[in-house]
Amino acid sequence: MGATVLLTGGAGYIGSHTLVALRAAGHDAVLLDDFSNARGDVPDRLARITGAPVTVWRGDVRDRALLARLFAAHRFDAVIHFAALKAVGESVERPLDYIDVNVTGLVALAQAMRAAGVFRLVFSSTATVYGTPEAWPIPEDAALRHESPYAFTKLTCEEALRQAAAADPRWQVGILRYFNPVGAHESALIGEDPQQPPNNLVPYIGEVALGRRPALRVFGNDWPTPDGTGLRDYIHVEDLAEGHLRSLEHLLAGRGGHVVNLGTGQGTSVLEMLAAYERAVGRALPHEIAPRRPGDVAVLVADPSRAAALLGFRARRTIDAMCASAWAFVSRRATGG
Ligand code: UFG
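This report concerns the structure included in the present document. (Residues numbered from 1 in each chain as written. Predicted model: local features only at pLDDT ≥ 70, side-chain atom pairs only at ≥ 80, totals over all residues. Heavy atoms only, no water.)

**Remarks on the pairing of strand 2 (residues 28–33)**
Every regular strand shows the same layout, with side chains that alternate between the two sheet faces. As a reminder of what qualifies: In this scheme, a residue with accessible area under 20% of its type's maximum is buried, one over 50% is exposed, and one in between is partly exposed, where area comes from a 1.4 Å probe on protein chains only. Put simply, DSSP H or I for four residues or longer makes a helix, DSSP E for two residues or longer makes a strand, and each gets a number counted from the N terminus. Note on pairing: two strands pair once DSSP finds at least 2 bridges between them. Handedness of a crossover: with both strands directed away from the viewer, a clockwise path from the first strand across the helix to the second marks it as right-handed.
For strand 2, the buried fraction is high: five of the six residues fall into the buried class. Pairing analysis gives five bridges linking strand 1 (residues 4–8) to strand 2, with the strands arranged parallel. Paired with Thr4 across the two strands is Asp28, which belongs to strand 2. After leaving strand 1, the chain enters helix 1 (residues 13–24) and then returns to the sheet as strand 2, a path that is right-handed. Examined bridge by bridge, strand 2 and strand 3 (residues 55–58) share four bridges and lie parallel to one another. Directly across from Leu32, in strand 3, lies its bridge partner Trp57. For the crossover that starts at strand 2, traverses helix 2 (residues 42–50) and ends in the parallel strand 3, the hand is right-handed.

**Concerning the nonpolar core**
What counts is decided by this rule: What is meant by a nonpolar core is a set of buried Ala, Val, Leu, Ile, Met, Phe, Trp, Tyr and Cys residues, joined one to another through side-chain atoms within 4.5 Å. For this analysis, residues touch if any pair of their heavy atoms sits within 4.5 Å.
Leu7, Leu22, Leu46 and Leu262 are the most contacted members of the largest nonpolar core, which has 34 residues in total. In this structure Leu262 touches Leu176, Arg177, Tyr178, Phe179, Ile235, Leu240, Gly243, His244, Ala307 and Phe313, once residues within four positions along its chain are discounted. Core analysis: the second largest hydrophobic core is formed by 29 residues, Leu6, Leu66, Cys157 and Trp171 among them.

Shown next as structure tokens:
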């Protein structure tokens with residue numbers, strides 16, 4: 001029989017794709033989301049994709065009374081914790097809000113889990129905990145450092161979970177360090193749908209393709225990379241969702257906690273990503289070279305070998321599939337679909 005899993009932030013970009021992957025594997029999930037960065041129609045879209053209604057609890061993960069009611073109403077086998085603030089630049093402006101939502105949120109959740117006797121947790125972390133890496137591809141045992149309040153919150157949560165697990169062996173925690181998730185579900189019904197103007201590369205190119213922005217600004221072409229633009233490890237969100245499924249199943253099988261990178265091991269430049277998106281749209285898109293963006297690094301590429309060895313996880317979808325699915329989603333969304 002499948003597991004019942006709580007997905008905090010389950011209506012968001014990665015949470016929604018993970019719900020689809022869980023159901024395809026015979027599990028089920030309950031969503032907790034405050035819809036601060038997710039559209040209200042995501043649960044209906046998930047029901048259309050998966051063929052069954054979705055149970056949604058609307059609220060804040062810091063709300064302890066709500067958490068107590070939620071854990072009393074459902075018998076969860078595990079929790080996947082996505083709910084968090086995630087914009088690096090915004091975190092510099094609002095560090096206390098980031099610490100409150102991300103760190104207080106995790107502590108409230110973990111204490112509610114412990115009170116309910118639920119000790120399997122998959123946690124959304126990020127490659128930004130490696131700071132400016134000394135070398136790449138980056139293995140999980142590379143040095144960790146925080147270079148933004150956002151990175152600080154994720155490192156603090158990782159450390160809090162390590163300490164909780166050291167103190168109480170009932171905890172089984174999977175920490176997943178995401179590289180750059182892009183793309184959308186093949187149905188084009190769910191995808192990356194930020195409530196604010198996008199800062200990230202692929203959503204921004206989508207805005208240019210829709211004619212809402214005049215041109216992509218390429219942040220620097222003088223980086224020490226083959227074409228001078230930044231190299232990132234883009235991973236299709238459907239592959240990322242499958243990574244969560246593997247992590248969850250590892251915990252359910254009692255194989256123990258883990259810290260793994262979720263990436264492909266391949267670096268793609270800004271100009272290569274733009275070219276792939278142009279292939280998806282079928283026409284050239286305007287771009288201009290702009291100064292480097294503060295805080296950026298030249299290269300962020302995962303060593304994905306631990307995820308392969310430990311979880312049997314390998315990302316398999318291509319850059320062209322990422323851009324085609326992203327474009328299918330945003331162009332459908334723009335016409336009201
Ligand atoms: N870029 C541009 N123009 C843009 C936007 C981005 O040239 O308009 C470039 C960036 O300079 C970088 C690359 O495209 O070289 C990717 O930038 P993103 O903003 O898409 O992604 P980042 O790698 O900067 O950041 C992402 C997440 C963070 C996370 C980080 C760590 O947004 O939350 O990865 O892996 F912390």
